[in-house]
Amino acid sequence: MTETQQRARRTAAAFREIYGAEPAGVWAAPGRVNLIGEHTDYNDGFVMPLALPHTTLAAAAPRTDGVLRLHSGGADGGVVDLRVDLRIDELCPAAPPQAGWAGWAAYPAGVVWAMREAGLPVGGADLHFDSTVPTGAGLSSSAALEVATALALDDLYALGLDRRRLARIAQHAENAFVGVPCGIMDQTAAACCTEGHTLFLDTRDLTLRQVPFDLAGEGLRLLAVDTRVKHALGDGAYAERRAGCERAARALGIRALRDVAPAQLPDALARLAGVPDVQPLVRHVVTENHRVAEVIACLDAGRPRAIGPLLTAGHASLRDDFTVSCPELDLVVEAATAAGALGARMTGGGFGGSAIVLVEEADAAAVGTAVTEAFAAAGHTAPRLFEAVPSAGAHRIT
Ligand code: ADP
Ligand code: MG
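Residues numbered from 1 in each chain as written. Chains lettered and ligands numbered in written order. Predicted model: local features only at pLDDT ≥ 70, side-chain atom pairs only at ≥ 80, totals over all residues. Heavy atoms only, no water.

Asks: Explanation requested: the sheet that holds strand E7 (residues 197-202) in the structure shown.
Replies: Taken together, the 3 strands give an open sheet; going across it, the order is E2-E7-E8, and neighbouring strands pair in antiparallel fashion. Sheet topology places strand E2 (46-47) and strand E8 (207-212) at the edges, where each strand pairs with a single neighbour. Relative to E8, E7 runs antiparallel, the two sharing 6 bridges. Paired with Thr-198 across the bridge in E8 is Val-211. Seen against the sheet, helix H5 (residues 185-192) touches E2, E7 and E8 and runs at an angle of roughly 135° to E7. This element, helix H8 (residues 279-300), spans E2, E7 and E8 of the sheet and lies at about 45° to E8. (Pairing = 2+ DSSP bridges. Helix = DSSP H or I, 4+ residues; strand = E, 2+ residues; numbered from the N terminus. Contact = heavy atoms within 4.5 Å. Axes fitted to C-alpha atoms, helices over the stretch in contact; angles between N-to-C directions.)

Asks: Mind showing me how you'd approach helix H2 (residues 106-117) here?
Replies: In an α-helix, one full turn covers 3.6 residues, which means residues spaced three or four apart are oriented alike. In this model H2 runs 15 Å from its N-terminal to its C-terminal C-alpha over 12 residues, within 8% of the 16 Å that 1.5 Å per residue would give. Taken together, the buried positions of H2 are Ala-106, Pro-108, Ala-109, Gly-110, Val-111, Val-112, Trp-113, Ala-114 and Met-115. (Expected span 1.5 Å × (residues − 1). Buried < 20%, exposed > 50% of the residue type's maximum accessible area, 1.4 Å probe, protein only.)

Asks: When you look at the nonpolar core in this model, what are you seeing that I'm missing?
Replies: Taken as a class, soluble globular proteins show a tendency for nonpolar side chains to be buried jointly. Ranked by internal contacts, the top residues of the largest apolar core, which has 54 residues, are Leu-68, Leu-70, Leu-91, Met-115, Leu-127 and Leu-153. Here this core takes 8 residues from helix H3 (residues 141-156), the largest share from any one element. Once residues lying within four places of it in the same chain are set aside, the contact partners of Leu-68 are Val-84, Asp-85, Leu-86, Ile-88, Ala-109, Val-112, Ala-125 and Leu-127. (Core = buried A, V, L, I, M, F, W, Y, C linked by side-chain atoms within 4.5 Å.)

Asks: How should I be thinking about the packing of aromatic side chains in this particular structure?
Replies: When we look at a pair of aromatic rings, we describe it by the centre distance and by the angle of the planes. Using the criterion set out here, one finds 5 aromatic pairs in the structure. Note on Phe-46 and Phe-200: the rings are 5.5 Å apart at their centroids and 45° apart in plane angle, and the pair reads as tilted. Taken as a pair, Phe-46 in strand E2 and Phe-200 in strand E7 lie far apart in primary sequence, 154 residues in all. Note on Trp-104 and Phe-129: the rings are 6.2 Å apart at their centroids and 85° apart in plane angle, and the pair reads as edge-to-face. Separated by 25 residues along the polypeptide, Trp-104 in the loop between strand E5 (82-87) and H2 and Phe-129 in strand E6 (residues 124-131) bring together distant segments of the chain. By relative accessible area, Trp-104 is classed as buried at 12%. (Phe/Tyr/Trp six-rings, centres within 6.5 Å; stacked < 30°, edge-to-face > 60°.)

Asks: Hey, could you run me through the site of ligand 1 in this one?
Replies: In the vicinity of ligand 1 lie 16 residues, with Ser-72, Gly-136, Ser-140, Ser-141 and Ser-142 positioned nearest. Interatomic distance of 2.8 Å between a backbone N/O atom of Gly-136 and an oxygen atom of ligand 1. At 2.6 Å from an oxygen atom of ligand 1 is found a side-chain nitrogen or oxygen belonging to Ser-141. Starting from 560 Å² of accessible surface for ligand 1 in isolation, the protein chains cover 81%. More than half of the atoms belonging to ligand 1 lie within 2 Å of the grid points that define the largest pocket. Those elements that place two or more of their residues in the shell around ligand 1 are strand E4 (67-75) and H3. Ranked by residues supplied to the shell around ligand 1, first place goes to H3 with 3 residues. Here the residues of the shell around ligand 1 sort into 8 nonpolar, 8 polar and no charged. (Near = heavy atom within 4 Å. Polar contact = N/O pair within 3.5 Å; in protein donor to acceptor, adjacent residues only side chain to side chain. Areas by Shrake-Rupley, 256 points an atom, 1.4 Å probe, with all protein chains shown as cover. 1 Å grid on protein atoms, 1.4 Å probe; cavity = no way out; pocket = protein on both sides within 12 Å on 5 of 7 lines; lining within 4 Å. Sits in = over half its atoms within 2 Å of the grid points. Nonpolar A, V, L, I, M, F, W, Y, C, P; charged D, E, K, R; others polar.)

Asks: Explanation requested: helix H9 (residues 307-320) in the structure shown.
Replies: If you check H9, its first and last C-alpha atoms are 20 Å apart, about what 14 residues at 1.5 Å a residue would give, namely 20 Å. Residues of H9 that are buried: Ile-307, Gly-308, Leu-310, Leu-311, Gly-314, His-315, Ser-317 and Leu-318. On its buried face, H9 is in contact with H8, helix H10 (327-338), strand E10 (343-347) and strand E11 (352-360).

Asks: Explanation requested: the domain arrangement of the protein in the structure shown.
Replies: Accessible area lost when the parts come together is the quantity often used to give the size of an interface. Taken as a whole, the protein is organised into domain 1 (3-213 + 391-396) and domain 2 (216-387). Taking the mean C-alpha position of each, domain 1 and domain 2 sit 26 Å from one another. Contact between domain 1 and domain 2 buries roughly 3200 Å² in total, counting both sides, with carbon and sulfur atoms accounting for 62%. Considering only the surface of domain 1 that becomes buried against domain 2, Ile-36, His-39 and Tyr-42 emerge as the three largest contributors, covering 21% of it. Counting every contact that joins domain 1 to domain 2 gives 5 salt bridges. With its nearest N and O atoms 2.8 Å apart, the salt bridge here joins Asp-202 to Arg-258. Contributions of two or more residues to the side of domain 1 that touches domain 2 are made by strand E1 (25-34), strand E3 (49-63), E7 and E8. (Domains from an automatic or database assignment. Buried area = accessible area lost by both parts, 1.4 Å probe. Salt bridge = Lys/Arg side-chain N within 4 Å of Asp/Glu carboxyl O.)

Structure (structure tokens):
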């Protein structure tokens, strides 16, 4: 029996203990890292995430009485043994927190709400979650939780949703029910990634392409470094950057910054001279979209090592122009590249969370040690390192 099947068994056993009945099945959805294309997904731009081996499992059974019961064994020691009972016809994003309402339950409850909003015939359910995706580390545990819920309900109620629709429903849940103004990348990654690939996504029309990314076969490793910090600045700054991008697009008379081609950048910047604070934002988004195209070109040409400098350039752009990095993320990039990594960058929204490091297999251990030692020398909490192996998107296990 594989490790995943064993975990699914344990999750089903926990479900039986909590709800006193068999689950109808166990579903999985992964966390992700984004290879390149940061802060582009709310600019109709390009992103390139890959799924992690870390997953959120949902054991689930349907209910006929319109009740939704949610239990989480907690992710990563962060949330422990939480149980919430709700009525699906009372779910409402504007409702004040009910007795026993825990913040985390808004993610799966929001998925049920979003399905009902979309007119889908979804009923009640019992759900138990078990996750290995670190929460709040920029690895998208929230999308894993939403997409695991959405896939379980899709199967339980034979909704027949395709993966992109599933991702949109999960995003709508997070935007409108939880109240987080995220783009579509995280949910699409959880729903649509495939093993051994990085997923190219055009966030304007949701065109997808699975790009082969055989790191092991190339003698490469992609390390993920969870800095273990989340700076309070993050939430407001995200909304601020997003508003700045939208202001710039309006001033340029275009639908989104995606519509500025790299060759048009100097002209666009000149036209934005009178709009405060937006020029660096525009420069990041336009050059970042171009870096995504360049990364794809390198991978298609069988030159995966050539993406290293593009990752590092992407980090510099996020640090200097988009100003969403932080000292810990910068330190990962500095220490890793100084120790011989091919490239490194922050991944996810920024202000903490995680970074990725592309490295030759032979150098992986030394680079990891260099990063850990740099954190110790700077007096930071020890980072958590693991390998980001391109893994499967959401799927049913049993
Ligand atoms: P990220 O998605 O980067 O991990 P977020 O702040 O978007 O960070 O989402 C983290 C939140 O998602 C947690 O605080 C918690 O509310 C919820 N969450 C994620 N996974 C689980 C889980 N397995 N059980 C309960 N809540 C979870
Ligand atoms: Mg999230």
